[in-house]
Amino acid sequence: MGLLSLGTPLSWNDGKKYADHVRAHGITQFLYIWDRLKDRQGDELLWGDEVEYMVVAFDDQAKTARLSLRQSEILQKLSNVVAHLEASNDIPQEFNAVPLFHPEYGRYMLESTPGAPYTGSLTDLLSVELNMRYRRKLARRFLKPHEIPLTVTSFPRLGAPGIFTEPYFDPVNATASHSLFLPHEITNPHARFPTLTANIRSRRGSKVAINLPIFVDEKTPRPFVDPTIPWDRNVYPEDPEAKDGAALVDHIYMDAMGFGMGCCCLQLTFQSCNVAEARRVYDALVPVGPIMLALTAASPAWRGYLADVDCRWNVIAGSVDDRTEEERGLKPLKENKFRIPKSRYDSVDSYLSQDWRNRPEYNDNPSPYDEEIYDRLRNHGIDHLLAKHVAHLFIRDPLVVFSEMVDQDDSISSDHFENLQSTNWQTLRFKPPPPNSSIGWRVEFRSMEVQITDFENAAFSAFIVLLSRAILSLGLNFYIPISKVDENMNRAQKRDAVREQKFYFRKNVLAPGRSMDFPYTEAATDNTHAEAKANSPYHSHAPIHKDKVLRNCYPDVQPPEGLERPPVEEEYEEMTINEIINGKKGHCFPGLMGVVNAYVNSLDVEFAIKDKLRKYLNLVKHRADGSLVTTATWMRNFIRSHPNYKFDSVISDEINYDLMKAIDDIERGVRQAPELLPEDHLNRVNGL
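What you see is a predicted model; the values in this text were computed from it and never measured.

(A) View of the pairing of strand 14 (residues 428-431). Residue alternation in strand 14 divides its side chains into two sets, Leu428 and Phe430 and Arg429 and Lys431, and both sets are buried. The sheet contact formed by strand 14 and strand 15 (residues 442-445) spans 4 bridges and is antiparallel. Looking across to strand 15, one finds that leucine 428 is bridged to phenylalanine 445.

(B) Geometry of helix 23 (residues 653-668). Taking 1.5 Å of rise per residue, 16 residues should cover 22 Å, and helix 23 covers 23 Å from first to last C-alpha, within 8% of that figure. Considered for burial, the residues of helix 23 that qualify are Ile655, Asn656, Tyr657, Leu659, Met660, Ala662, Ile663, Asp664, Ile666 and Glu667. Backbone geometry just after helix 23 places glycine 669 at a positive phi near 80 degrees.

(C) Local environment of the state of the cysteines. Counted by the stated rule, this structure contains 1 disulfide. No disulfide involves cysteine 263; its sulfur sits 7.5 Å from the nearest other cysteine sulfur, which is in cysteine 264.

(D) Main features of the nonpolar core. The biggest cluster of nonpolar side chains holds 208 residues, and the ones touching the most others in it are Phe463, Ile464, Leu467, Phe478, Ile581 and Trp634. Looking at which element gives the most residues to this core, the answer is helix 15 (residues 454-473), with 13 residues. In contact with isoleucine 581, other than residues within four places in its own chain, are Ile291, Leu295, Phe463, Gly591, Leu592, Met593, Gly594, Val620 and Ala624.

(E) Geometry of the packing of helix 15 against helix 20 (residues 591-601). Contact geometry for helix 15 and helix 20: axes closest at 9 Å, N-to-C directions at 75 degrees. Here helix 15 lies roughly perpendicular to helix 20, going by the angle between them. Counting all contacts with helix 15, which are made through Phe463, Leu466, Leu467, Arg469, Ala470 and Ser473, the residues of helix 20 involved are Leu592, Met593, Val595, Val596, Tyr599 and Val600. Looking at the contact of helix 15 with helix 20 residue by residue, the classes come out as 10 nonpolar, 1 polar and 1 charged.

(F) A look at unusual backbone geometry. In this chain, glutamate 166 is followed by proline 167 through a cis amide linkage whose omega measures 0 degrees. Along the chain, proline 167 turns up in the loop between strand 6 (165-166) and helix 6 (192-204). In this structure, asparagine 436 takes a positive phi of about 55 degrees despite not being glycine. Summarising the element assignment, asparagine 436 is placed in the loop between strand 14 and strand 15.

(G) Seen up close, the environment of aspartate 59. Tracing the sequence through the fold places aspartate 59 in strand 1 (residues 47-59). Classification of aspartate 59 as partly exposed rests on a relative accessible area of 33%. Residues aspartate 59 and proline 227, spaced 168 residues apart in sequence, show a C-alpha to C-alpha distance of 27 Å. At 3.0 Å, the side chain of aspartate 59 and the backbone nitrogen of alanine 62 are in polar contact.

(H) Expanded view of the environment of leucine 138. Looking at where leucine 138 falls in the secondary structure, it is placed in helix 5 (residues 128-141). Overall, leucine 138 belongs to the buried group, its relative accessible area being 0%. Put simply, leucine 138 and proline 99 are 39 residues apart on the chain and 8.9 Å apart in space, counted from C-alpha to C-alpha. If we ignore the near neighbours within four places in the chain, the residues touching leucine 138 are Leu78, Leu85, Pro99 and Phe101.

(I) View of the packing of aromatic side chains. In the structure shown here, the tally under the stated rule is 24 aromatic pairs. Aromatic ring contacts, followed pair by pair, group Phe30, Trp34, Tyr282, Phe394, Phe417, Phe430 and Trp441 into a single cluster. Sitting over the ring of phenylalanine 58, lysine 661 keeps its end group 4.8 Å from the ring centre.

(J) How the structure looks around the pattern of salt bridges. Under the criterion given, the structure shown has 55 salt bridges. With a shortest N-O distance of 2.3 Å, arginine 303 and aspartate 226 are connected by a salt bridge. Of this pair, arginine 303 sits in the loop between strand 10 (301-302) and strand 11 (305-306) while aspartate 226 sits in the loop between strand 7 (210-213) and helix 7 (242-246), placing them 77 residues apart in sequence. A salt bridge links aspartate 383 to arginine 279; the shortest N-O distance between them is 2.7 Å. With a gap of 104 residues between them, aspartate 383 in the loop between helix 12 (371-379) and helix 13 (384-393) and arginine 279 in helix 9 (residues 275-285) connect regions that are remote in the sequence. This pair shows no difference in class: aspartate 383 is buried, exactly as arginine 279 is. Connected through shared salt-bridge partners, Asp20, Arg23, Arg203, Asp322, Glu327, Arg344 and Asp397 make up one network.

Parameters at a glance
Position numbers for residues count from 1 along each chain, tracking the sequence in the order it is written. With the structure being a predicted model, the display of local features is reserved for residues of pLDDT at least 70 and the display and counting of side-chain atom pairs for 80 or more, all residues being used for whole-chain, interface and lining totals. Neither water nor hydrogens contribute to the side-chain values; these are computed over all heavy atoms in the structure. The buried label goes to any residue with under 20% of its type's maximum accessible area, the exposed label to any with over 50%, and the partly exposed label to all in between, with areas taken from a 1.4 Å probe on protein chains only. Here a helix means four or more residues in a row that DSSP labels H or I, a strand means two or more in a row labelled E, and each is numbered from the N terminus. Two strands pair under a simple rule: DSSP has to find at least two bridges between them. Multiplying 1.5 Å by the helix residue count minus one yields the expected span of that helix. Any two cysteine sulfur atoms within 2.5 Å of one another count as a disulfide. Here, nonpolar core refers to any group of buried Ala, Val, Leu, Ile, Met, Phe, Trp, Tyr and Cys residues whose side-chain atoms link them within 4.5 Å. Any two residues whose heavy atoms approach within 4.5 Å are treated as being in contact. To get an axis, fit a line to the C-alpha atoms, keeping to the stretch in contact for a helix; angles then go from 0 to 180 degrees between the N-to-C directions. Any angle that is under 35 degrees is reported as roughly parallel, and any over 145 degrees as roughly antiparallel; angles of 65 to 115 degrees are reported as roughly perpendicular and all others as oblique. When residue character is reported, Ala, Val, Leu, Ile, Met, Phe, Trp, Tyr, Cys and Pro are called nonpolar, Asp, Glu, Lys and Arg charged, and the others, Gly included, polar. Polar contact is the term for a pair of N or O atoms within 3.5 Å; when the atoms are in protein, one must be able to donate a hydrogen and the other to accept it, and sequence-neighboring residues count only if both atoms are side-chain atoms. Here is the rule: rings of Phe, Tyr and Trp (six-membered ring for Trp) pair when centre to centre is within 6.5 Å. Planes less than 30 degrees apart are stacked, more than 60 are edge-to-face, and the remainder are tilted. A positively charged side chain is recorded as over a ring if its NZ (Lys) or CZ (Arg) lies within 6 Å of the ring centre. The angle to the ring normal must also be within 35 degrees. Definition used for salt bridges: Asp or Glu carboxyl oxygen within 4 Å of a side-chain nitrogen of Lys or Arg.

Here is the structure:
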């Protein structure tokens, strides 16, 4: 969720006078970091995951599932036990550190990370599921008997009529958000969060307005005009907005930051060899973001209704959209400087790498930037692409300024830089090293929705980690125009996008002079592939060195002699998710799974390790080919097949209770879900 500073947060009217100060000093802080660390080389692969939970309180007699608002109490207990385990060195043999737990926006949420980064060892990669399971076990230990930590992306009845939190609070007291649906008390009590909520509303000049299309079922009223909206409430000045047009017909209307930032997700961060490698990985993963969003789709239910979308992304984008009417293009620019096409939370706006394969035509979206900041960065020696990236981030205003932190020592602090960097929430984040730290240049992958089991979350984590190494090792090129990535983001959120949508993707991803001329569709678990191509999945005439670990620091891909480029429009085409992941038969396109398997086959890896990796990769493979459904499809089918569902798009308390119970049962390995998970899932859970 970003930086949690101590101090007195300023209201929007008090804090906006410091906006230019924060921007100017934020750039100074970035330049100090750049000067010290731009030439840093040789950092090993270190990486980590972030998994977020919702704490759900069950009443088995009343058949209700509600969000427990005990985050502060739970985190205090977890902090104490982590300190005790560290002091007594009582750490499980499989791990080198005790997991950590952090606050999140929702008072019902917990965030967990491994206690220390994973390395590039395959043993570490295969320990991720155990680590996630241990974290969940620790969290369960300090919950009440009727409370469960669930990894669900969105809570289906958040903001629905009636009681959806424990304890209950009235939305009338929503003093920061002025929401018609969410009480103030769902927000983390740290001063940053309610101030952030209030300042987004104040800067925007209205409440946020999120509208998801209703899933039209057999008995859904048409037109659908939501009878649960308190249309005539008159408590806050913004209350009439819903009936004045903010709430759209045939849509589920939401009006607060909590609907978006109260969602859970799965995020990964990688340390790179140097700044250039971080920029290459960043660029290569940009087109992958929408594909993984579709594959991990897990949020079809909102505010007590089934929606006609499967993902959280546009909900969060809308929930923190602080742009004024001028910035949104609804009025001519007068008080504001920029027409800004996107929310602060959205897909990436431009590629960053200076790699010769990054053609200027790929950055084809309008991306306004602060020319004064851009010129300052360029005059300091920073290249055009990185200067424009930072200058684009800095067109935003700082949303929360702490009075005690206005003046800082820019040579040792990055708080002003992070104030803006950490509140630009995009599908990927390029992360400079913190001051006075051993941490290097990093890339954060942010698009995936959290899955209901630790097995799934570990599988998608392993896939992205291996894909990032395949990109570097095999010199892959995934560039397509940014406008097509944006279109893919829109398609990824549609209902059943994995099976129903096509996505733009590059046709030839191989490095110059490389080809795939033997089977690549599975990670080899015997000697057949190795004998076929002398240890290398990509045929080349260079001798092959087989790594034993996942690593950084690969050489740059060199341009071929006499390079001729086709028109950009000929470099990509529309493909299904199955084709993008599993390849196109009869074509030279190997698919993302193909290049991952090719990379795994190039490692000096024991059979047993490859066999374990295959179980994770097979989950991704089968989600892509449709033989296993996404979490969103499974949830939608569960709701629609519930005996109390009336085919009117409404999710009742009892349906929600049974859904949350089923999710917990599946995660604990006491309920089968063969349409969602591999047949041996129960054996895996019970064997860990």
